[in-house]
Amino acid sequence: MSAAHSGTPRASTLQGTTRSIWSNDFAILAYVGLGTVLVHLLAGGRYGFHRDELATLDDARHLAWGYVAYPPVTPFFARVSLELFGTSLLGFRFFAAVAEAVAVVLTGLMARRLGGGRWAQLVAAMAAVPFCLAGGSLMQYVSFDYLAWVFTAYFTLCLLQSANSRWWVAIGSAIGFGMLSKYAIPFLVAGLLAGMLLTPARRYLASKWMWWGAAVAVAIFLPNLIWQAQHHFIYLDFIGHIHARDVAQGRADGFLSGQLTLTLLAFPIAIAGLLYYWVSPGDKRYRPLVWMYMVPLLLFVIAKGRDYYLAGAYPMLYAAGAVQFESWFRSRTRRAAAFWRSLFWVALVADAGIAGALMLPLAPINSSWFHVSNQINGDLREEIGWPELVQTVVRIRDGLSVEDRAHVAILAANYGEAGAIDLYGPAYGLPHAISGVNSFWERGYGDPAPTVLIVIGLSRAFVTRNFEACEVAARTWNQFGVANEETAHHPEIFVCRGLRQSWPEFWKQFRYYG
């Protein structure tokens, strides 16, 4: 009797513990993050690989500590996905979706660290969901750079809250990861240093742990830094060209108004969070986080950055803003609080719905919905038509003589075309593409040099200037008739012979960035 009686509470306690593990605040945040991954898995395979993804996929087959267009983290995860899932589109995008989901969970955990209850944690996480849906929709460095910013903010919050300088090591790790993801995190580091120097938190700069954190960041980044040095810091040439192009094409216009697009209806939460850090109750220990937002904002305005470059700075604001509003609701009547809470949920769910409808490849192609989303999100049209391009090249190749086929190469102007040939071409026996763009140029033109070229994406003037004889063999198309860069800007595909100069001379001047 005694044994039976004593066993009952233990079983009850175990059940209660199990329930708490699956229903505590962290679990709820994890469900939100997992929900975003599920959305990406359900929606992400409806169109095809994006132009930028094709470049990343090709770089993933040539692992290195650096690439012309980006550091090594994104190609590394792309390679892992290739090993695990093959060339599955959903598998290729998996780690980008997971990175964004982790950032969503961290946003909720920041609210928790600030004393927020479950409502504040969920609101903060939900405010981060729209960018999660957009940023995780493609396998690009955007997702990993965003995660690095959020990790840096989270660890900085831990440092300021706990006054434990050992958090510098975690901060340094996040910064090092950010430098291996995209070279944008120095803008956040500038804000972090300004925040430390201009507030009482400057005492943390005197800690030996700050130097340990800096050493960790440098150690993580060092292999890529060495690669850049070995390649004459080519990224500086690349980013100079890309930035000049973006400014000339107006891609950097409207940076400040673009912040409203990034935050949508969560903008008041972000503003409330900024004010919270500036006048946080009790003390000013969180004030450095204000500078971690304001300094990158100012620097991106001066440097003419694109609006989404600042996206990683918003989760820390969402966390504080949600806590601020939760506290404010406690002073309202029950009915008023319930009304405002409901209004917040309507706004945040609407944000997620809008982001999903416009950023994910959900709309049936050529539907009215597609025309709207395609107008707003031009990335969608660049996911269409790659298999058809390769099939067209195959038909051209098959129409050549046996001798010509033995010496043919495929010269592609941009990394989307080259990546598509390298992805789909082997099934048809096509040779790997050669191109002068970004890291493709470093892989050369083959040995022996080709004598017949199928040329994709280059102008009639270019091929006439560089080859003895060229003829139009086909035009790019896609089965949906969607106008994109391939069909609208450079549709002609040529067969060319007789390079007017030697291949080494031609290749030396053929390098360019895109």
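Residues numbered from 1 in each chain as written. Predicted model: local features only at pLDDT ≥ 70, side-chain atom pairs only at ≥ 80, totals over all residues. Heavy atoms only, no water.

Time to look at the nonpolar core. Most often, soluble globular proteins keep nonpolar side chains buried together rather than apart. Leu114, Trp168, Met196, Tyr277, Tyr293, Leu310 and Met316 are the most contacted members of the largest nonpolar core, which has 137 residues in total. When residues in this core are grouped by element, the largest group, 14 residues, is from helix α7 (residues 141–162). Not counting residues within four places of it along the chain, the set of residues in contact with Trp168 comprises Leu159, Leu192, Met196, Tyr204, Leu205, Trp209, Met210 and Gly213. Ala409, Phe494, Cys496 and Trp507 belong to the second-largest nonpolar core, a separate cluster that totals 17 residues. (Core = buried A, V, L, I, M, F, W, Y, C linked by side-chain atoms within 4.5 Å. Buried < 20%, exposed > 50% of the residue type's maximum accessible area, 1.4 Å probe, protein only. Helix = DSSP H or I, 4+ residues; strand = E, 2+ residues; numbered from the N terminus. Contact = heavy atoms within 4.5 Å.)

If you walk through the whole model with that rule in mind, you get one disulfide. Two residues, Cys470 and Cys496, share a disulfide whose sulfurs are 2.2 Å apart. With the S-S bond torsion at 120°, the cross-link from Cys470 to Cys496 turns out right-handed. Of the two residues, Cys470 is situated in strand β4 (residues 467–475) and Cys496 in strand β5 (residues 492–499); the sequence distance between them amounts to 26 residues. Residue class for Cys470 comes out partly exposed when judged on its relative accessible area of 31%. Of the residues examined, Cys496 reaches a relative accessible area of 0% and is grouped as buried. (Disulfide = S-S within 2.5 Å.)

Enumeration according to the criterion identifies 44 aromatic pairs in this entry. With a centroid separation of 5.0 Å and 85° between ring planes, the pair formed by Tyr308 and Tyr309 is classed as edge-to-face. Residue classification places Tyr308 among the partly exposed residues on the basis of a relative accessible area of 23%. Each member of the aromatic cluster is reached from another via a ring pair, and the members are Tyr445, Phe462, Phe467, Trp503, Phe506, Trp507, Phe510 and Tyr512. Sitting above the plane of the Trp278 ring, Arg287 keeps its charged end 4.0 Å from the centroid. Taking NZ or CZ as reference, Arg443 lies 5.2 Å from the ring centre of Phe440, over its face. (Phe/Tyr/Trp six-rings, centres within 6.5 Å; stacked < 30°, edge-to-face > 60°. Lys NZ or Arg CZ within 6 Å of the ring centre and 35° of its normal.)

Attention shifts here to the packing of helix α4 (residues 73–85) against helix α5 (residues 89–113). As a packed pair, α4 and α5 sit with axes 9 Å apart at the nearest point and diverge in direction by 135°. The orientation of α4 with respect to α5, classified from their angle, is oblique. For the pair α4 and α5, the sense of crossing is right-handed. Contacts from Phe77, Ala78, Val80, Ser81, Leu84 and Phe85 in α4 reach Gly91, Phe92, Phe94 and Phe95 in α5. Considered class by class, the residues forming the contact of α4 with α5 number eight nonpolar, two polar and no charged. (Axes fitted to C-alpha atoms, helices over the stretch in contact; angles between N-to-C directions. Parallel < 35°, antiparallel > 145°, perpendicular 65-115°, else oblique. Left-handed = near helix turned anticlockwise from the far one by under 90°. Nonpolar A, V, L, I, M, F, W, Y, C, P; charged D, E, K, R; others polar.)

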